[in-house]
Every structure is written in C-alpha cells, then in structure tokens.
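Chain residues, written in single-letter form:
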Amino acid sequence: MSHEISRPVAKIDNREKLAGDAQYLGDLHPQGMLYAKTLRSVKARAVIRAITVPPLPEGYFIVDRHDVPGKNRVKILSDDQPFFAEDRVNYIGEPILLVVGPEKERILAILDGIRVDYEDLPPILTLADAERSQLPPLFGADNYFAEYHFSRGQVDEAFSRAARVIEGEYQTGYQEHVYLEPQGVLAVHEAGKITVYGSIQCPYYVKNALIQAFGWDGDRVRVVQTTTGGGFGGKEDYPSLIAGQAGFAALKTGRPVQLLFDRAEDIEVTTKRHPSAIRLRTALDGTGRITAMEADIRLNAGAYAGLSAVVLQRSMFNIAGVYQLPALKVRGRAVATNTVPNGAFRGFGSPQAFFAVETHLDEVARELGVDPLEFKIKHMAKQGDWTATGGTYQQEIKLPELIAEVEELSGYRRKTADFARRDGARLQGIGMALFLHGCGFTGSGERDHIKARVKLHKRADGQVEVLAANADMGQGLRTTLRKIVAQTLERPLETIIYDNPDTDRVPDSGPTVASRTVMIVGKLLEEAARKLKAVWDQPGEQEVVKDYEHPANIVWDNDTFSGDAYPAYSWGVNAVEVEVDPSTYQIDVKGVWSAFDVGVAIDERIIRGQVEGGVLQGLGYGSLEVMECRDGRIQQRSVTDYIIPTALDCPRIESRLIDNPYERGPFGAKGAGELTLVGAAPALALAVGNALGVPIRRLPVTPEYLMEVMEHGGAD
C-alpha cells in the first residue's frame, strides 16, 4: 500500500498510557464516593422465598428492585433481563441486590450476613436439556429466544438428485473477553440528573437503558466514557446493566457510587462468546461439485435473550463462508438455558460459523479424494455472485490474490506435501482458512435504527473537535478518526481533538461495534470535513453536521432475510503451521501467515496491531481457552485457570495487506477489527487435523480432546 493516509503515526494516547497518566474508572474517587458490591444468586434456577438482611451500620444501604424508579428491565433488544432479580433467579451469578457503603470490608461482611431462602426449580443447563420436554421451559414454549429460517435456490431438489451427501456436526465452546480493565461504572446524582462514567464502548446504549430504567427524560441522563482498557464486545451490552444498578444506588444514597468488578467476578458473571453446535449437510453432483447445503445452527444464549438474536443472525449469514453455493437452507436457534447470559464478542457469531464451514468443506474434499484448497478455490465466490442471503457481492473479491500472498509467505502447498510424508516421529501439519467479515450493521440497521450523526466544531483558534459517540478501547480510534479529519482538511494532526465521548456534548453516531466505526463514522467525518474545508476561511467558530445516508443499491428485507446483509465485506486468508507431540498431543504453533483485504488501511501500524491481536485471540479460542460450566456454574474464575495466550505463546506472525479501496469508506477503508480473529481457529484446527490425519470438529482443540479423538479413530 502506498496511500498517504496509511503511513503510521504515533498513537495519540501513547504518552499518557505509557506514563501511567491515563485515568481509568478505578482511578476516579470523587468526594464522598461509596462502594457497591453485588449479592448474587447461588442457584441456577429457583424461586426467591425471602431475603433476610442483618441490621445495617449507619451509612450503609441495600439497593434492590424496589429502588428502580422506572422499568426493572435492561433495555437491549427484548427487555427481558431485570437489573435486580424479582421473585426468581435464572442463573448462578444473577444480581439480587447491592450493598453500598464507604468501607469495602464492611460491605463484604454485610454480604456474608444476608440470607436468601430459595425454592429450587429444575434447571436447564445444556442445549440437550433445553430440548427435553420433561423440563419446564425457561422461555416461551420451546426455549428458543429466537428461531429463524431462510433459504435460496432449489435445496430439496438438489438433495434428491445428489450423487453424494456428506454431513457433520461442529461444536465450539465459551470464550471470555479478558479485557485488561474489568467492568466498572461510577454514578453521580446531582441537581436532578444522573451521570454515569464508565468503561464502555457504546455510550448511547447505556444512556437509552438509563432513560428507560429511571423513566426520566433524556436531558436528565448523561453518560461519559472513561479511558477504557479493552472491550472486544464485552462492553457493548453488559455496561447497561451495571450502569443502572450504580445509578439507582447514587439516587438512593445521594452520594457518588462506584461499582467495579474484580477479575473473578468479571469472568464468572459477565457475558461471553456463545457456545455453538452447527450441523452441516452438503449435496454433491457426480463431478464432485457442491449443489446445495443445509445448515442447522444452535447457540447457547444463556438465561436472558440479550443480543443473542442478532448474534445468531450473523452466524446464519456467514454459514456459506466465502463460497458460492447454488442452493442454501439455513435454520438458526438461540437457545435459553439457566447459565450466564452470552453476548457480543469480537466476530459476533461468525467465528463459530467459519470454524464449521471451513472444517466441513475440508472434510468433504478429503472424502472426495481431492485437494481441500483446490476444492475450496473451485467454489469461491467472485464479484457479482450471490451472497448467502441472495444479495450481491458488489466489490471485487481478491481471494486469489490473498491466497497467493499467503502461499508465498507460508509455503503452504510445499509443506502440505512434505508433512503428508510423515516420518512417524513428528506430527506436523499446516492448515489454511478462507474467510470474510460483513462490515457494519446487518441489513438496513444503519438506516432504520442507528441513524448516525457526527459533528465537527472549528474553534476560534483553528483547532477542530470531532464530536462523535464512538469509543477508543485501545484499538486506536482516537488516532484513526483524527487522521481522517486532518488529512481531509489538510491540517496538522495535532490540531484535531477527539476526547472520550460525553453524551451531553456529542451526537449519537452509533455504537463502537460491528466493524462499522472507521467505515461508517469515518466516512461521515470525511464528508463533514469536506464541508468544513469549503467554508474554512469564514471568520469565527463553525460547526458542521453530517447524517448517515443509506446507499440506494443496498437492499434488504429483514422479514425474509433476503438481500444485501452488509454494505461491504472485508476478506482474509490464514495459514497456521503446527507440530503435535505424539505422546501428549500438546500443540506447538510454529507460525501464522495472513493476508487481508480491509480496503485501505487508515494506519498500517494500527492495522498490524489488529492483525496480531486478532490472530492471537483466535488461536487462544481455538486451542487454549477452556471454559467449563458445571451444574450451571462457570468453573474458571481467574487468568490462572482460564488460560489465554501470553507473549511466550505468540508464534511468528507475518501478514500482508492488499489494496482494494471501497468507494463508500473513508479514503477507501473497510472494517478490520473483527475480521482478523475469524480465521485463526479454523486454520489451526485444520493444521492439527492434517498433522494427525483425523477431522477436528470441536473447539478448543485441547490435548485431552485430541486423545479422545485418536482413541475413537476419528471425529467425535
């Protein structure tokens, strides 16, 4: 790439973070601040008969459902989750009440003295439980928070005429975000207004949740993002819950209240990546070409619906992978269980789908006796082809170029042949995964729901302030959005200001999710900057506003899931090489090679950070990150027993970017934040499968799982 905008600059927040000057939520201690700690359910499913609270010392408070001035439901999609439990609890860890006061140790002593009298109910703990009719359903009549279907082409006819049908089921487990900074908020009530400061990624989501919870007008609710130590989607929906709880406490006590989780609490009770079970069935003609595919996708949503319906949708829209399938039928279900609710996580349903489709097509090719990569290349989509939902790939698809780049970096074909000639002592394998990520909100979400607006304010001294609601969580947004404005205005980067968003000052430019911020919000800022540049020489302060306009050629029907699910797609190819110990089945990742099409990089170094972070997070998802739920309780509660990759686990990662400017992205940019995670786990699983000569159908790929697979002579 040779674009001026891509040239790396020092991140704006480097100095304050390296010097330790950045103020995180835990650094805020306004005068008179109280601490809050949550009493949580110890039952997976039960009726609350009574709660007995010991006498409280002066200055200590109980805050519960009776202190919610408005609606005791967290505003997300279906408003089913209470801020505080009412007459029953539905998962271990569900909040019942807060104890609030000035001393943390006394708060813990009070919590120890509270007694909750439960009446146990039979819990639904697994996908299998949820579909057993003997247990009373947790949600509706069938335990599905959402169930969707869509199809394209003549699926039944293709299967009836198929020369061969191959099928398999693929399972994935939990993944915990493990952001550096745990969840935390600080609420202040003064002059009839509630202000919540928080480690968050969607200030207006929190504000709207507070408006509903308090039953107040919007001008009495303010949300301010504090410097945020990572999110990965974990601070998309969950902060609305604790913002409400802290806000109720501030209203009741008349004092600022801080609700800040420790690591154990954060891991045990906050949202996670949805475990999944995906069954794929593929019809082939006599030449070995795919004629149709059927997909049945089940996600474990946990006890409340949250964002599961839209996570499920993204799994369904990605289940065809990067391939052009003549006919496709997809069924998806978000299943209710008495376990911790699951939510947004980098990739938002697509990592589960890509693991399934990439490993399935590899198996199909091997059963046909053909080279898996050549089989996939034969079925790859190209510009003008249909998407899974019957839309059109409108931009050039440069997968052949991406594959060539990764082949050159990794020596994939040579190593595949070499490793196939096993010497018996070393189990080596290399896998390659092809993937995409839809950029922006699904379908017409940007037009119908988000309706993003940005402002630029030119001050009298010539500095320009970016006014947008999007949050820098460490991904470099405060730098990249500034670069877009500075380059458009042809002004020095130092003259552009972008502070953490405050809903009293910034318009709602939408959440920092869905790989949309640089592409959608960045484009609005680029256009606003052009407007400002045209009137730059006018005297005095100036303000320009830019609203989102939906492209006329992006057509979507949300009732039938048909049309263009996304305005644009980013693309990637990963190759992973492994060596597996023949005695212990320990996996040693020897190298990762990647190539990505993200349009144009706004800053190549920041994108490289996204690549290396995303790939490593994907490798952890694929191999190390084991999270178990037994009897409804998450077993891992620290980074000692929930293992994520460290610097010592980081293999050599080489990557390249190819140029493919997107006309509706700023300077040609598309989304990049989520794409980089999606392909690592399937490439790793394929590499391990090649090393052992067996298909891998479950993530994470642990030594214990591999022993199980080898003892049974194949897939589980």
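The rules behind the values
Residues numbered from 1 in each chain as written. Predicted model: local features only at pLDDT ≥ 70, side-chain atom pairs only at ≥ 80, totals over all residues. Heavy atoms only, no water. Domains from an automatic or database assignment. Contact = heavy atoms within 4.5 Å. Buried area = accessible area lost by both parts, 1.4 Å probe. Salt bridge = Lys/Arg side-chain N within 4 Å of Asp/Glu carboxyl O. Polar contact = N/O pair within 3.5 Å; in protein donor to acceptor, adjacent residues only side chain to side chain. Phe/Tyr/Trp six-rings, centres within 6.5 Å; stacked < 30°, edge-to-face > 60°. Helix = DSSP H or I, 4+ residues; strand = E, 2+ residues; numbered from the N terminus. Buried < 20%, exposed > 50% of the residue type's maximum accessible area, 1.4 Å probe, protein only. Axes fitted to C-alpha atoms, helices over the stretch in contact; angles between N-to-C directions. Parallel < 35°, antiparallel > 145°, perpendicular 65-115°, else oblique. Left-handed = near helix turned anticlockwise from the far one by under 90°. Nonpolar A, V, L, I, M, F, W, Y, C, P; charged D, E, K, R; others polar. Pairing = 2+ DSSP bridges.

A. Representation of the domain arrangement of the protein in the model. Domain boundaries in the protein define domain 1 (25–121 + 177–269), domain 2 (276–442 + 560–712) and domain 3 (452–547). Relative to domain 3, the C-alpha centre of domain 1 lies at a distance of 32 Å. Between domain 1 and domain 3, the residue contacts involve 20 residues of the former and 16 residues of the latter. Counting the surface lost from both domain 1 and domain 3, the interface buries some 1,400 Å², and carbon and sulfur atoms represent 49% of this. For the domain 1 face of the interface with domain 3, the top three residues by lost area are Gln-201, Tyr-204 and Gln-225, together amounting to 44%. The interface formed by domain 1 and domain 3 holds 3 salt bridges in total. With its nearest N and O atoms 2.7 Å apart, the salt bridge here joins Arg-222 to Asp-502. Inspection of the domain 1/domain 3 interface yields 9 residue pairs in polar contact (both at pLDDT 80 or more).

B. Region of interest: the packing of aromatic side chains. This structure, assessed with the given rule, holds 19 aromatic pairs. For the ring pair Phe-317 and Trp-556, a centre distance of 5.4 Å and an interplane angle of 75 degrees mean the geometry is edge-to-face. In this pair, Phe-317 sits in helix H8 (residues 308–317) while Trp-556 sits in strand S21 (residues 556–557), placing the two residues 239 residues apart along the sequence. Phe-317 sits in the buried class, given a relative accessible area of 8%. Exposure remark for Trp-556: the relative accessible area of 11% places this residue in the buried category. With a centroid separation of 6.2 Å and an interplanar angle of 45 degrees, the aromatic rings of Tyr-569 and Trp-571 are classed as tilted.

C. Just unusual backbone geometry, in detail. The step from Leu-699 to Pro-700 runs through a cis peptide bond, and the omega angle for that step is 0 degrees. Mapped onto the elements, Pro-700 comes out in the loop between helix H18 (680–692) and helix H19 (703–711). Non-glycine residue Ala-514 carries a positive phi angle of around 60 degrees. Along the chain, Ala-514 falls in the loop between strand S19 (496–497) and helix H15 (517–534). Not every positive phi belongs to a glycine, and Asp-631 is a case in point at roughly 50 degrees. With respect to the secondary-structure elements, Asp-631 resides in the loop between strand S25 (629–630) and strand S26 (633–634).

D. How the structure looks around the packing of helix H16 (residues 604–624) against H18. Close contact between H16 and H18 brings their axes to 7 Å; oriented N to C, the two are set at 50 degrees. By the angle between their directions, the pair H16 and H18 is classed as oblique. Taken as a pair, H16 and H18 cross one another with a handedness that is right-handed. Side by side, H16 and H18 meet where Val-615, Gly-618, Leu-619, Tyr-621, Gly-622 and Ser-623 of the first sit next to Ala-680, Ala-681 and Leu-684 of the second. Taken together, the residues that form the contact of H16 with H18 break down as 6 nonpolar, 3 polar and no charged.

E. Summary view of the sheet that holds strand S16 (residues 427–439). In space, the 4 strands of this open sheet follow the order S16-S23-S24-S27, with mixed pairing throughout. The open sheet terminates on both sides in strands that have one partner only, identified here as S16 and strand S27 (653–657). If you compare each strand with its neighbour and ignore which way they point, the axes differ by 15 degrees on average. Where strand S23 (residues 568–580) and strand S24 (residues 587–597) come together, 10 bridges link them in antiparallel fashion. Residue pairing for S24: Val-573 is matched across the bridge by Ala-595.

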